[in-house]
Structures are given as structure tokens and as C-alpha cells.
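Now for the letters of each chain:
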Amino acid sequence: MSASSDVAVRIALPTEDQDVAALRRAIVAKLAYSVGKDPIVATEHDWFMATALAVRDRIVDAWFPTTRTIYTEKPKRVYYLSVEFLIGRLLYDSLNALGLAETMRKALAELGVDLEVLREVEPDAALGNGGLGRLAACFMESMASLGIAGYGYGIRYDHGMFRQKIKDGWQSELPETWLAGGNPWEFERPDVVYHISYGGSVEARETPEGEIRHIWHPAETVEAVAYDTPMVGWRGKHVNTLRLWSARAPDPLRLDAFNRGDHLGALASQSRAQAISQVLYPADDSPAGQELRLRQEHFFSSAALQDIVRRHLHQHGDLKTLPDHVAIQLNDTHPAISIAEMMRLLIDNHGVEWDDAWDVCRRTFNYTNHTLLPEALEHWPVPLMERMLPRHMQIIYLINARHLDELRAKGALSEAEIGAVSLIEESGARQVRMGWLSFIGSHRVNGVSALHTDLMRQTVFAPLHRLYPDRIVNKTNGITFRRWLMEANPGLTQLLADTVGSAVLDNTERLADFAAYADDAGVQERFRAIRREHKAQLSGLIHRRLGVKVDPDAMFDTHIKRIHEYKRQLLNILETVALYDAMRAQPTRNWTPRVKIFAGKAAASYQNAKLVIKLINDVANVVNNDPTLRGLLKVVFLPNYNVSLAEAVIPASDLSEQISTAGMEASGTGNMKFALNGALTIGTLDGANVEIKDRVGDDNIFIFGLEAHEVEQRRREGFGTEEIIRRSPMIQQVLDQIGSGGFSPAEPNLYSHILDGLVRHDHFLVLGDFQSYAEKQREVAAKWRDPAAWWRSAILNTAHMGFFSSDRTIRDYAEEIWGVPVKPA
Ligand SMILES: *Cc1c(COP(=O)(O)O)cnc(C)c1O
């Protein structure tokens, strides 16, 4: 999407007179001496690389001073361990942070190159599946913007999130190749390499002093090589580091085998090692349950901890002071093995006593929980752990024994209750509960919205919460306003600057002043015009990608996120069919023209989710080609949802679909991005929707459906789906129509499986919430027909989103969890 340039010029005023010529010369030099191309033959990609490298130089100029200051002033460091970082593109993001966007636009223009074209050339760094990975990326940006000495640790996947193609309505997955053209942002660190071990046996050896030391003799060792990407904060003052690890074998090949003619065998250990960092697991909320996944988790956790321990010893000399200088945040349980790894490093490698080591862990680690879905809570089979990480398994047994002994000594629990809080699940096949390990080994455990944190205390973590009532805290998620407002929506940013003042760019709380303009007809009109411009651009994109023409004056009603049953894209498309039926039945009513926009990926093995994609596309096919509708309704599924697509779609959306089954979406962050850009939300009382409603007020959000406790009740007492269907001719018709092949004439039974499922066991309350959702959608339509009311609400949504800045979230972590100072607002 192109940004309107005159808008950003004014925002970038302080740096306006930076030297366009210097930047132009830098780009030409990079093109020649780093890319090796003559401008005459340079491709768009060559220009992108040259430009990115020139920008990176400016970032490095701020990176070294930051690193030096941290080194000399020794502030407490924060390490954010995450198996996913869903970063997206960095060129415009960096330019925006440095205040160089317009200078660069001019410099490139003098070279006959369009910055907007280069923006689109950059591949998304998609090292994550969805919300969890995107949160990590927003947090990296906010930590840098707030001047925190923050480090990200993760995996440098050769292939990130798969590329989604739609063929005949079905999703197909293609490998993603973000590194194919080279990555201009990273620095390889061949000198920063750690050995990561797997398998083998553990020897208990008595020392001359009569103590037992454990020596691990691993069967296999791989190397973790560091790649550093500078993470530049707002205004370019502070630059942190994201360190991603790539795997390789210590010996590139076995020369003896190669010389014998066994060319493949000679490379076997190299391929086995490299497989660790080859692909991102394409499942965001179910454990892959695979050996390779555990290998990945241990790989990056061990590399990160070795790096942290080395740096701490170098700076402070004594590992017992680690908690004074270091806070480690575990982003979900994927890095939970870090707790056992830290114990191993301290005890086996550095001779620290058990109790001291455990104290260090408990004061250093913190854990963020992201889901209460039972199938998504990581459990590793004990035999797998014993085989792959024998020493870690011993340590986990010992942590568990001490944990349970302590509880028994207190006499606080019965044996049955003790079983519930044991780190080892004993019923059925024995498994290690990684969530429990994370809880026991942490200083603070947090949920990601007020509702989610309450549910943690009441449900999954209730037994542990009773034992440690102060440990669970809430940290409602946030998003970086730099990417999701300033970069995605420069027009709205300018409107804010013109109304409440440009201080809003540095202090998101100033957004609240925008509420005073809610009834200002001129401001409403400007807001509408800015949206209209984004909608026209998105209409162009839809036409180019799908060949479907949509009307930019229709309401853009958007549901973009991972495809999952609990996110209920099915509820949306069923209601869309009901709307289609009603429009055909009463063609002369004053219908609100709508474009239903969907996008999202389904995990490759998630059949029901893939079928929902197919259904959306089948419905789209029929609806978009029905001339009797006169274009009143269009349905589009945009393939390959990613950060860049989100940046294009969100500012062009009027209505934000946040309709998860109550109690199942931990927070959501998509909901925040939309509301910040002034879309009105139709949603359930789930995750952060609750807090959005509290802030924007009941009149400016469309809340429907069962609440979390009612969902629980239905699941206990029955769904009553037959009664629901009997009472609603509308639902009957929709189910009959889809069930009899109305949208899939070639395969009339294609959807009977999901529909029968709804009637038999409506676990996600699709039928249970249908009526309430459909009625709320009619209210939405009525409000759309009253533009003054609609744009009033839009202004109030934007105005009340200040709380959802990830700067606020990170300040809260800094104060309550990490104990680190933060740059004042
Ligand atoms: C924000 C974001 C998400 C998370 O969206 P939810 O609606 O909170 O599930 C997922 N993917 C991308 C690309 C995002 O930008």
C-alpha cells in the first residue's frame, strides 16, 4: 500500500533537512560495492538491498553507542525468549523510526526509484504463526523505544510461515523463502557459536571430597551460530539486538565416507543438524508433538542461556548475582526447558549448589501463558525426554521431588491434590507438564488479558494458584503504534497530529484528546476520506489478486486471523449466507452494501479449518456471480495473510470481526489494531475485547453472544441445538442450503461433516451464538446508515486505544515483573 507522501513530510519535520544527497550517494555506493551492480542493470530487488544496507548503516551508528552504554552502565538486562518472531518488513519501519522516510523518498526519486515500490519488494520476515509471534515483534520494538536493555532470542528459520495459495477454493502450502534474495538486516556472527547436545548418558562420579558430580556424555552435538538483527526504537535513539540461532553440524562432512564414494552418508549429520533450524512449525496452538520440535526448543534455549551466562560472568563474575542483573521472559512454554538447562549449567558446569541454583532460577525466569486450550498445553512424553535430554530429565525429577516434598511438609494438600500439581502427569502415558515447570521455576507468571488471567487462576492453574497466590499477574497485550498506526495509516496519523498535536507520536496517552472531536463534522469527514482512500487502494488489490470488483463505498467487514474453530470464521460465513438469502428474498429493502473480507492460514494438518476456507471460497463464488444482488454483497478470501497484508487491510476496514467463542481467545491483538484505526468491533466478551469495550464504551462497540461462564454451562448441560434449529427458519435454511450442495454442486456432501458436527456437539457455540450474532449484524447495518453516528464511534475508538500500546504493556512488565527502569513518557 502506498502511503500518501505529503502527510509524512510534515510528521518528519525535525529531520526534513537531512542530507538527501548523502543518502543518495550512500545508496549508489552500496549498490556498487556491496550488491555489485551497475545502476543501469540494477533490478528493483538490487535497489532494495542497496537501500536497506544504507539504512542499516544509520542504525548501526546508533547501535554501538547503545551497546557501549549498556556495557558501561550495566543496567539490568531483559532477555525475551520466543520460538516465534513475526516481524514483517523492516525497510519502512526503520525509516520511520529514524525519521528518514521522506529524505529517503527524495533521495530515491533522484535516482529514478520509487520508495513505495521498494517497500513492496521486501519479503516479510515471517518467523511466526500469528499473535504470539507478532507480540514478540511488537515487544522488541517497544523495549527499544523505551530504552530497555532488551535482547530477543529465537530461531533463524530458513523457511518461515508457509506461503498460502488457494486452488479451486482449497488451501495449499508452499515453502516460504525469505532468505533467497539475501537478508540485508542481519549480521552473521561466526565467532558466536555454542555447542548444543542431545542424547547419550549421564555418569555420576564421586569427587575426592565425596560429592557426586553428574557428567553428561551426549550422543550428538550440534552448533548454534548467532545472527544479529538490530532492533531500532522510535526516534532511533536506542537500538537493541535480536539474536537468532542457526544450526549446523560441527564437521561439515565426513571426508572418509565421501572419499569412499558415500556422498549422501558423508553429509548425513550435517542435514540432521541443519534440520533443526530449517522450518517453523506451522501450528500456532497445538503442540507439534514431534521430536524435532523438542530439538528446536532445546536448541535455542540452550544457546540463549549459554550466551546469557557467558555475558553475565564476563560482566559481573558471579552467577549468584544473576537475578540482580538479568530477567528472562519465557514467551509461552516453548522455551520452558530453559529452566532445567539453567540448573544444569549452574550445577554441572559452574559448581553452584542445588538450592542456590534453584533460587537463581526462581528469581530470574518469568513465564507468559498464551492459551488455556488443553490440546495446546505442552506435554512431553517422559521416554522421549529421557532419550533426548537425559540430564534434564533427571533435573526435572529432582525439581519435582523437592516441590512435592515441600508441599507435603506443609501438609497443605491431599495425595490427589499433589498429583494435580506434580510436574509429571501420571495418568496414562507419563508426560512432563511444561506449563507446570514454567510456573514452578518462575518469579512471575502472567496472562495476556484481564479475562484470560482470571480464567488461568480459576481453571487450568487453579491448584498452583492456591499454593502461590501472588505469582499470577495480568499483563494485557499491546501493539506498537509505530507500525500499526503511523506506518499503516499515515493519513490518520496526520489527522491526529493536526487535532491533538504531534506530541501524540511520542505519548500515546495523548490520543485521548481526540475524543473531543467526536462530533466535529469536519474531523468526521476527514476520517471518512482517509478510510475511503485506503478502501480504494484495497479494492485495487482485491481486483488484482482475485479478479473481483468491490465497491469502496460499501461497508468493509473484515475477519482476518489464523483459521481456527474457536475464532469462528464458520459463524461469520454462515451468517453471510443468511444475509445473502435475505437479500434475495427481499431485494427492495434498503440493504447496507457490504464486502465480507476474509484472510488467514490454516495449519496444514487442520482439516476442519481447511474446509472452512473452502466453504468461504465456495460461497464467494456463488455470491459474487449472482446478478440479482446488484453488487450489494461481495465475499473475498485474500490469500497468504501476513503482517504486510494486515497493514493494507486494517486501515481499509470499517468493521472488525472479533467473534471467538467466549473464554477461548487469550487476548487477541488484531482487535487492537482495528480499533486503533477506527474500525468498529463486532465481538464477544472474550480476551481483550472486554477491555476494549470498557474503554470505548457500550455505544461504540457491538457486543453479542454467550459469556465465558455461559459457554461452560452449555458444555456441561447441553447445547440444545435441535431446539435452536427448530425455532429458526433462517438457520434451517442456511444449514439445508450448504448441506445439500447449494455452494458445492459438484460435491453436495462436502460440508455435511462440519454441519453434522455443529448439530451433534456445538463445542464452539456456532449455533448457540448464531441468532445473537445475526441480530447484532442488523444493528451494525443500521448504524452504518447513520454516518454521523458511525464516524463519531470511529473517532472514539481511536481515541480510547492509548492503553493498548505495547509501550504501556512493556512499562508494566518492566515495573512489576522485570524490575528494570524505563525511559519516562
Ligand atoms: C496481529 C496479527 C495476528 C494476531 O491476530 P488475532 O486477530 O489477534 O488473532 C496474526 N497474524 C498477523 C499477521 C498479525 O499481524
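These figures come from a predicted structure and were not determined experimentally. (Residues numbered from 1 in each chain as written. Predicted model: local features only at pLDDT ≥ 70, side-chain atom pairs only at ≥ 80, totals over all residues. Heavy atoms only, no water.)

1. Quick look at the overall build of the chain
- Tallying secondary structure elements over the chain gives 35 helices and 24 strands in all.
- A globule of 825 residues ought to have a C-alpha radius of gyration of about 28 Å, and the chain, at 27 Å, matches this closely.
- Burial status across the chain gives 61% buried among its 825 residues.
- Taking the intrachain contacts of the chain between residues at least 6 apart in sequence as the baseline, contacts between residues at least 24 apart amount to 77%.
- Side chains of the chain carry 91 positive and 106 negative charges; the gap between the two charge centres is 2 Å. (Helix = DSSP H or I, 4+ residues; strand = E, 2+ residues; numbered from the N terminus. Rg over C-alpha atoms; globule rule 2.2 N^0.38 Å. Buried < 20%, exposed > 50% of the residue type's maximum accessible area, 1.4 Å probe, protein only. Contact = heavy atoms within 4.5 Å. Lys, Arg positive; Asp, Glu negative; His and termini not counted. Charge placed at Lys NZ, Arg CZ, Asp CG, Glu CD.)

2. A few points about the sheet that holds strand β11 (residues 239–248)
- A sheet is described by the order of its strands in space; here 9 strands give the open sequence β7-β10-β11-β4-β1-β12-β13-β17-β18, paired in mixed fashion. Where the open sheet ends on each side, the last strands, each with one partner, are β7 (187–198) and β18 (472–474). Across this sheet, the average inter-strand angle for adjacent strands is 25 degrees, counted without regard to direction. (Pairing = 2+ DSSP bridges. Axes fitted to C-alpha atoms, helices over the stretch in contact; angles between N-to-C directions.)

3. Description of the sheet that holds strand β22 (residues 655–658)
- Strand order in this open sheet of 6 strands is β21-β20-β19-β22-β23-β24, and the pairing throughout is parallel. Bordering the open sheet on either side are β21 (633–638) and β24 (702–703), each of which pairs with just one other strand.
- Looking at chain direction, strand β23 (residues 680–683) and β24 are connected through 2 bridges and run parallel. Note on β24: the bridge partner recorded for G683 is I703.

4. Side note on the site of the ligand
- Lining the immediate environment of the ligand, one finds 13 residues, of which K561, K567, T669, G670 and K673 sit closest.
- Separating an oxygen atom of the ligand from a side-chain N or O atom of K567 is a distance of 2.7 Å.
- One of the side-chain N or O atoms of K673 is found 2.6 Å from an oxygen atom in the ligand.
- Here the ligand loses 96% of its free accessible area of 390 Å² to cover by the protein chains.
- Every element with two or more residues in the shell around the ligand is listed here: α26 (643–649) and α27 (670–676).
- For the shell around the ligand, the residue count by class is 4 nonpolar, 6 polar and 3 charged. (Near = heavy atom within 4 Å. Polar contact = N/O pair within 3.5 Å; in protein donor to acceptor, adjacent residues only side chain to side chain. Areas by Shrake-Rupley, 256 points an atom, 1.4 Å probe, with all protein chains shown as cover. Nonpolar A, V, L, I, M, F, W, Y, C, P; charged D, E, K, R; others polar.)

5. Some words on the packing of aromatic side chains
- Under the criterion given, the structure shown has 21 aromatic pairs.
- On the numbers, 6.3 Å between centres and 25 degrees between planes, the contact of W63 with F64 is stacked.
- Assessed through its relative accessible area of 4%, W63 is described here as buried.
- Relative accessible area serves as the criterion here: at 44%, F64 is assigned to the partly exposed category.
- The positively charged end of R56 is found above the aromatic ring belonging to F187, 3.9 Å away from the centroid. (Phe/Tyr/Trp six-rings, centres within 6.5 Å; stacked < 30°, edge-to-face > 60°. Lys NZ or Arg CZ within 6 Å of the ring centre and 35° of its normal.)

6. Let's talk about the nonpolar core
- W245, F299, I328, I396 and W818 are the most contacted members of the largest nonpolar core, which totals 262 residues.
- The biggest single contributor to this core is helix α3 (residues 44–73), with 11 residues.
- The contacts of I396, once residues within four sequence positions are left out, are I337, A340, M385, L423, I424, V432 and L437.
- With 6 residues, the next largest nonpolar core counts A662, L706, V711 and F719 among its residues. (Core = buried A, V, L, I, M, F, W, Y, C linked by side-chain atoms within 4.5 Å.)

7. Some words on the side chain of S667
- With respect to the helices and strands, S667 occurs in the loop between β22 and α27.
- The class of S667 is buried, set by a relative accessible area of 2%.
- When near neighbours in sequence (up to four residues on either side) are disregarded, S667 contacts V448, S449, N477, M672, G687, A688 and N689.

8. Details of the pattern of salt bridges
- Per the stated rule, a full pass over the model turns up 61 salt bridges.
- Residue R105 pairs with E102 through a salt bridge whose shortest N-O separation is 2.8 Å. You can see R105 and its partner E102 sitting in helix α5 (residues 101–110), 3 residues apart, about one turn around the helix. The exposure classification of R105 matches that of E102, with both residues buried.
- With its nearest N and O atoms 2.9 Å apart, the salt bridge here joins D807 to R482. Of this pair, D807 sits in helix α35 (residues 806–818) while R482 is found in helix α21 (residues 481–487), placing the two residues 325 residues apart along the sequence. With respect to class, D807 is no different from R482; both count as buried.
- Via salt bridges that share partners, R189, D228, R243, D307, R310 and R311 belong to a single interconnected network. (Salt bridge = Lys/Arg side-chain N within 4 Å of Asp/Glu carboxyl O.)

9. Here's the deal with the packing of helix α24 (residues 569–585) against helix α31 (residues 729–739)
- Remark: α24 packs on α31, axes separated minimally by 9 Å, with the N-to-C direction vectors making an angle of 105 degrees. Relative to α31, α24 is oriented roughly perpendicular. Touching L574, V577, A578, D581 and R584 of α24 are M730, Q733, V734, Q737 and I738, all from α31.
- For the contact of α24 with α31, the residue count by class is 6 nonpolar, 2 polar and 2 charged. (Parallel < 35°, antiparallel > 145°, perpendicular 65-115°, else oblique.)

10. Here we look at the pairing of strand β10 (residues 220–232)
- Most of β10 is tucked away: 12 of the 13 residues are buried.
- Sheet topology places β7 next to β10; 9 bridges connect them, and they run antiparallel. Looking across to β10, one finds that Y194 is bridged to A224.
- Hairpin connection from β10 to β11: 6 residues lie between these consecutive antiparallel strands, with R235 at a positive phi of about 75 degrees.

11. Comments concerning the UniProt feature "modified residue: N6-(pyridoxal phosphate)lysine" (unreviewed entry) in the chain
- Under the UniProt annotation, "modified residue: N6-(pyridoxal phosphate)lysine" (unreviewed entry) lies at K673.
- K673 gets classed as buried once you look at its relative accessible area, which sits at 7%.
- Those residues in contact with K673, other than ones at most four positions away along the chain, are R134, I479, W484 and I650. (UniProt positions renumbered as here; feature names shortened; annotations may be inferred.)

12. Some details on the environment of L451
- Relative to the helices and strands, L451 is located in helix α19 (residues 450–458).
- Once residues within four sequence positions are removed from consideration, L451 is found in contact with L685, D686, G687 and V690.

13. Here's the deal with α24
- Between its first and last C-alpha atoms α24 spans 24 Å; for 17 residues at 1.5 Å apiece the expected length is 24 Å, and the two agree.
- In terms of burial, α24 is largely enclosed, as 14 of its 17 residues are buried. (Expected span 1.5 Å × (residues − 1).)

14. As for α31
- Considered for burial, the residues of α31 that qualify are I731, V734, L735, Q737 and I738. Down the axis of α31, the smallest arc covering the buried residues is 165 degrees, so these residues share one side. Of the residues in α31, the exposed ones pointing more than 90 degrees away from the buried face are P729 and D736.
- Immediately downstream of α31, the backbone of G741 shows phi near 85 degrees, a positive value. (Arc of directions from axis to C-beta.)

15. Considering unusual backbone geometry
- In this model, K74 sits at a positive phi of 50 degrees, which is unusual for a non-glycine residue.
- With respect to the helices and strands, the residue K74 is situated in the loop between α3 and β1 (77–81).
- Not every positive phi belongs to a glycine, and L765 is a case in point at roughly 60 degrees.
- As for its placement among the helices and strands, L765 is situated in the loop between α32 (752–760) and α33 (770–784).

16. Focus on the environment of M486
- Counting through the fold element by element, M486 comes out in helix α21.
- It is 59 Å that separates the C-alpha atoms of M486 and A204, two residues lying 282 residues apart in sequence.

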